[in-house]
Every structure is written in structure tokens, then in C-alpha cells.
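Structural description and commentary
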Amino acid sequence: MKRILVMLVFLTLSAATGLNAGVKDKLLLYLPNRIIDMTDIFSLSLGFGPTVCGEMRATRAFSFGGAIGASGNLIKDYNRQYGYGLDNGWAWSFTCIGAESLERSHTNRWVQEYWNEYTGYTDPSNNIYDFSEGARDYWELGVSAGLLVTVHAALHPVEIADFITGWFFIDLKGDDITSEDFEE
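Source: prediction; values computed, not measured.

This part covers the overall build of the chain. Counting its regular elements, the chain contains 4 helices and 6 strands. Starting at the N terminus, the α and β elements of the chain follow one another as α-α-α-β-β-β-β-β-β-α. If you take every contact in the chain between residues at least 6 apart in sequence, the share linking residues at least 24 apart comes to 53%. By element, 70% of the accessible surface of the chain is carried by carbon and sulfur atoms, the whole surface being about 10800 Å².

So, in C-alpha cells, the structure goes:
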């Protein structure tokens with residue numbers, strides 16, 4: 001109850017003193033943004049289908065393993081992708097070299113569809129690895145394993161930095177929610 005009263009007093013004072021809308025957003029949405037930033041730190045997906053995979057990744061440039069097959073996945077992924085999708089294709093990597101032909105399709109509206117194909121070295125300038133809009137994180141530290149049932153888990157160092165700097169009102173990724181996100 002005390003917090004609600006403090007928030008009402010703040011809103012009244014801010015309306016009376018004419019605080020900038022951006023400052024109001026930063027203060028009112030401070031805690032929700034820190035919670036969201038904390039959940040952005042990790043990715044997790046669970047897949048079912050005729051797939052074999054085993055991979056370890058310390059960034060896309062340094063990974064070991066491979067995967068082949070198709071699977072339907074429940075997804076909580078990089079850049080706030082939540083939902084489901086179908087992954088189909090193959091990939092292999094050994095240190096800094098590898099090859100991939102992988103498609104993600106039949107997704108809900110919160111998961112990006114893509115098709116990625118490369119041979120040799122993974123190019124960080126590929127749009128799929130875009131810092132704020134990309135479907136995948138070039139810098140992720142992750143592991144995938146499975147046979148018919150697959151699990152992928154990853155940590156995102158860029159999101160960890162965004163979470164830490166967010167406590168000091170610095171939004172590295174520019175992904176904090178504002179009052180404009182609630183307007184129609």
C-alpha cells in the first residue's frame with residue numbers, strides 16, 4: 001500500500017512540475033525493465049522430432065558439434081522471441097570453421113522466421129546476428145543436446161551487460177519499454 005501511495009504522490013508531483021515524459025518512463029518503468037532485462041539473459045528451447053544434435057558454443061565463432069533433422073520447438077530466445085517454430089536442416093562446426101543450412105519456419109508472431117546458410121566462417125555482419133533485431137545472438141554461450149527430444153540453453157553476454165548498465169539508467173540495447181509501448 002505504501003508503494004502505491006508513493007507512486008501516486010510521484011505522479012501528482014510530476015504532473016504539477018512538468019517532468020519530461022522520458023524521465024517519467026525511466027522512473028515508473030524502472031523495476032519492470034530490470035526484470036525484463038534479467039529474463040533476456042538466457043535462452044531456452046525444447047524441441048520434439050527426428051533430430052540428433054550435440055553442440056557447445058562459446059560464441060558463433062568458436063563452437064564444436066553438429067545437428068541434423070527437423071523439430072517442432074517451444075522457444076524463449078534472443079531479442080525477446082517467445083513461442084514456437086519448426087527448425088529444419090543441418091549444421092556442424094569445429095572451432096572457427098563450419099557449415100550450416102538451417103531454416104526456422106511456421107512460427108507464431110513473436111518468433112522470427114529465417115533461413116541461414118554458410119560454409120567456412122560465421123559472418124557476424126549477417127542480418128541474422130543484428131544487435132537489436134536479429135533472430136540469433138552471435139556472442140551466445142550455449143549448449144544443445146538431444147535425440148528425438150532436444151534442449152538448447154544459452155547465456156547472452158550482451159544482455160548481461162544491458163542488465164547491469166540498466167541499473168544505472170543506461171539502456172545498451174535500446175529495448176526498455178516506455179509508455180508509448182502501451183499506446184494503440
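Still to come is the rest of the account.
This part takes up the pattern of salt bridges. Under the criterion given, the structure shown has 12 salt bridges. Between Asp37 and Arg34 there is a salt bridge, with its nearest N and O atoms 2.9 Å apart. Placement of the pair is Asp37 and Arg34 together in helix 3 (residues 30-40), with a separation of 3 residues, close to one helical turn. Accessibility expressed as a relative area gives 0% for Asp37, which makes it buried. The buried category is assigned to Arg34, whose relative accessible area is 3%. In this structure, Glu140 and Arg57 form a salt bridge, with 2.7 Å as the shortest nitrogen-oxygen distance. Taken as a pair, Glu140 in the loop between strand 5 (114-120) and strand 6 (141-155) and Arg57 in strand 1 (residues 42-58) lie far apart in primary sequence, 83 residues in all. In this structure Glu140 comes out as buried when scored by relative accessible area, which is 1%.

The subject of this paragraph is the sheet that holds strand 6. In spatial order, the strands read 5-4-3-2-1-6; together these 6 strands make up an open sheet with antiparallel pairing. Where the open sheet ends on each side, the last strands, each with one partner, are strand 5 and strand 6. Strand-to-strand twist in this sheet, taken as the mean axis angle between neighbours without regard to direction, amounts to 25 degrees. Sheet analysis places strand 4 (residues 97-105) next to strand 5, joined by 7 bridges and oriented antiparallel. Bridge pairing in strand 5 links Glu103 to Trp115.

This part takes up the environment of Thr95. Considering the arrangement of structural elements, one finds Thr95 in strand 3 (residues 81-95). Take Thr95: its relative accessible area is 24%, and that puts it in the partly exposed class. Between the C-alpha atoms of Thr95 and Arg60, which are 35 residues apart in sequence, the distance is 9.3 Å. In contact with Thr95, other than residues within four places in its own chain, are Ala61, Phe62, Ser63 and Phe64.

In this section: empty space enclosed by the protein. Within this structure, the stated rule accounts for 2 cavities of 30 Å³ or more. Of the volumes computed, that of the largest cavity is approximately 510 Å³. Surrounding the largest cavity, 33 residues form its lining, Glu55, Asp87, Leu102, Ser144 and His152 being those nearest its centre. Secondary-structure elements contributing two or more residues to the lining of the largest cavity are strand 1, strand 2 (63-77), strand 3, strand 4 and strand 6. The element best represented in the lining of the largest cavity is strand 2, accounting for 8 residues. Classifying every residue of the lining of the largest cavity gives 12 nonpolar, 10 polar and 11 charged. Approximately 90 Å³ is the volume attributed to the second largest cavity. Arg57, Arg60, Ser63, Glu100 and Tyr118 are, among the 13 residues lining the second largest cavity, the residues nearest its centre. Of all the secondary structure elements, the ones that give two or more residues to the lining of the second largest cavity are strand 1, strand 3 and strand 4.

Definitions and cut-offs
Residues numbered from 1 in each chain as written. Predicted model: local features only at pLDDT ≥ 70, side-chain atom pairs only at ≥ 80, totals over all residues. Heavy atoms only, no water. Helix = DSSP H or I, 4+ residues; strand = E, 2+ residues; numbered from the N terminus. Contact = heavy atoms within 4.5 Å. Areas by Shrake-Rupley, 256 points an atom, 1.4 Å probe, with all protein chains shown as cover. Salt bridge = Lys/Arg side-chain N within 4 Å of Asp/Glu carboxyl O. Buried < 20%, exposed > 50% of the residue type's maximum accessible area, 1.4 Å probe, protein only. Pairing = 2+ DSSP bridges. Axes fitted to C-alpha atoms, helices over the stretch in contact; angles between N-to-C directions. 1 Å grid on protein atoms, 1.4 Å probe; cavity = no way out; pocket = protein on both sides within 12 Å on 5 of 7 lines; lining within 4 Å. Points joined across faces, edges and corners; volume = space filled by probe spheres on them. Nonpolar A, V, L, I, M, F, W, Y, C, P; charged D, E, K, R; others polar.

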